[in-house]
Amino acid sequence: HKHGVTDFDAMTDLSKKLRASLHACAEVRLPKIIFEQPSLDGTVKWVMELADGQRIETVYIPDGNRSTVCVSSQVGCALDCSFCSTAQQGFNRNLTVGEIIGQVWHATRQMGKAPTNVVMMGMGEPLANFEPVVSAMDLMQDDLAYILSKYRVTISTSGIVPNLYRLREVSDVSLAVSLHAPDNALRDELVPINRRYPLEELIPACREFVRNDKRRKVTWEYVMLDGVNDSISHAKALIRLLEGTPSKMNLIPFNPFPGTSYRSSPPERIEAFRQKLMKAGIMANLRKTRGDDIDAACGQLVGKVQDRSGRTLVSLRQRHTRELAS
Ligand code: SAH
């Protein structure tokens, strides 16, 4: 990973014997980039094709001295959040460790240096693909690979509670949680996994996750949906919900995609919401929308998901594009 060498024979710092056994039992297979799309703001989206023809998306986001790679963990997603376009694709399969870390490999080689941050915020639910995601996050932090600090690798989850407890045992990374609603009734509708793991289970699990490290806070992701979850009374309910949990709030303007009936909250309402949280002592940021001109923003990654027979599932976006074309 560090030297970017793909040929075992060129790994001359390994013994001949080890190189020979690597030849016999392993391969280095790089992701196949079928599409590279740069955005006006410097963000780059790569579409990668996997050995079985499935496609995933990876996004590179430069920001001053920082550079963040947004990595996918699954082909599609099974969780069906109502405001996310990846959900429209359905779910095909988990990614392997190689396919996950291959995205970081590619970004590093392409940009000529390792990223400063990695976020598991691409397609898929990382905690639904537990072992490969943990192994890949270990490699991101490994001194012999990408050497990222534990504060610069972030897993984002919609809240698979038992796996949050498991993760805490085996890994030390930053935690982001897709909250999006302050009560169960609304969250059941927006993030259906909430029906299985409701807020009264999710919040304590998150609090537990950051308990042993004073530097850590839970980053809550909250998509601002016009007229749905963006009123001052929602903000008040959030403040009550998060009392006692070290928290940072990332407000995300809703990124639209074809076929959705949601709209983003207007900027003044987002600002009023943010101010309400700030006054209650909750650090709240408006997440800048990056790469939206190339459909690389949060919730806009669609890849190309195939069903078991290899038939491509036509996404709403593709259908829309096709309709426009005709
Ligand atoms: N499945 C994980 C990883 C995805 S992270 C998770 O749910 O956390 C991507 C983030 O973008 C999540 O917080 C997700 O809820 C949010 N998101 C999804 N669709 C969006 C959209 N259309 N606009 C803005 N944010 C969206």
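This structure is a prediction, so every number in the text was calculated from the model and none was measured.

1. Considering helix 3 (residues 97–111)
- Here helix 3 is 15 residues long and its end C-alpha atoms lie 21 Å apart, about the 21 Å a rise of 1.5 Å per residue gives.
- Considered for burial, the residues of helix 3 that qualify are Glu-99, Ile-100, Ile-101, Gly-102, Gln-103, Val-104, Trp-105, His-106, Ala-107 and Thr-108.
- Positive backbone phi, approximately 80°, marks Gly-112, located one or two places after helix 3.

2. Thoughts on the side chain of Arg-187
- Relative to the helices and strands, Arg-187 resides in helix 6 (residues 184–190).
- Separated by 2.9 Å, the side chain of Arg-187 and the backbone oxygen of Leu-179 make a polar contact.
- Not counting residues within four places of it along the chain, the set of residues in contact with Arg-187 comprises Ser-158, Ser-178, Leu-179, Ala-181, Pro-192, Asn-194, Tyr-197, Leu-199 and Leu-202.

3. Points about the domain arrangement of the protein chain
- With domains assigned, the protein chain is organised as domain 1 (1–29) and domain 2 (31–325).
- Using only C-alpha atoms to locate each centre, domain 1 and domain 2 end up separated by 34 Å.
- Between domain 1 and domain 2, the contact holds seven residues from the first and 11 residues from the second.
- Of the roughly 710 Å² buried between domain 1 and domain 2 on both sides combined, carbon and sulfur atoms contribute 60%.
- It is His-1, Lys-2 and Arg-29 that lose the most area in domain 1 upon contact with domain 2, and together they represent 82% of the buried surface on that side.
- For the pair domain 1 and domain 2, the interface holds zero salt bridges.

4. Quick look at the sheet that holds strand 10 (residues 218–224)
- Strands sit in the order 1-2-3-4-7-8-9-10-11-12 across an open sheet of 10 strands; the sheet is mixed. Only two strands of the sheet have a single neighbouring strand rather than two, namely strand 1 (32–38) and strand 12 (283–286). Across the sheet, the mean angle separating the axes of adjacent strands is 20° when strand polarity is ignored.
- With four bridges joining them, strand 11 (residues 247–253) and strand 12 adopt parallel strand pairing. When the bridges of strand 12 are listed, Leu-251 appears paired with Leu-286.
- Packing against the sheet, helix 4 (residues 130–141) makes contact with strand 7 (117–120) and strand 8 (153–157), and its axis sits at approximately 160° to strand 8.
- Strands in contact with helix 9 (residues 267–279) are strand 10, strand 11 and strand 12; relative to strand 12, the strand with the most contacts, it is inclined by about 160°.

What counts and how
Residues numbered from 1 in each chain as written. Predicted model: local features only at pLDDT ≥ 70, side-chain atom pairs only at ≥ 80, totals over all residues. Heavy atoms only, no water. Helix = DSSP H or I, 4+ residues; strand = E, 2+ residues; numbered from the N terminus. Expected span 1.5 Å × (residues − 1). Buried < 20%, exposed > 50% of the residue type's maximum accessible area, 1.4 Å probe, protein only. Polar contact = N/O pair within 3.5 Å; in protein donor to acceptor, adjacent residues only side chain to side chain. Contact = heavy atoms within 4.5 Å. Domains from an automatic or database assignment. Buried area = accessible area lost by both parts, 1.4 Å probe. Salt bridge = Lys/Arg side-chain N within 4 Å of Asp/Glu carboxyl O. Pairing = 2+ DSSP bridges. Axes fitted to C-alpha atoms, helices over the stretch in contact; angles between N-to-C directions.

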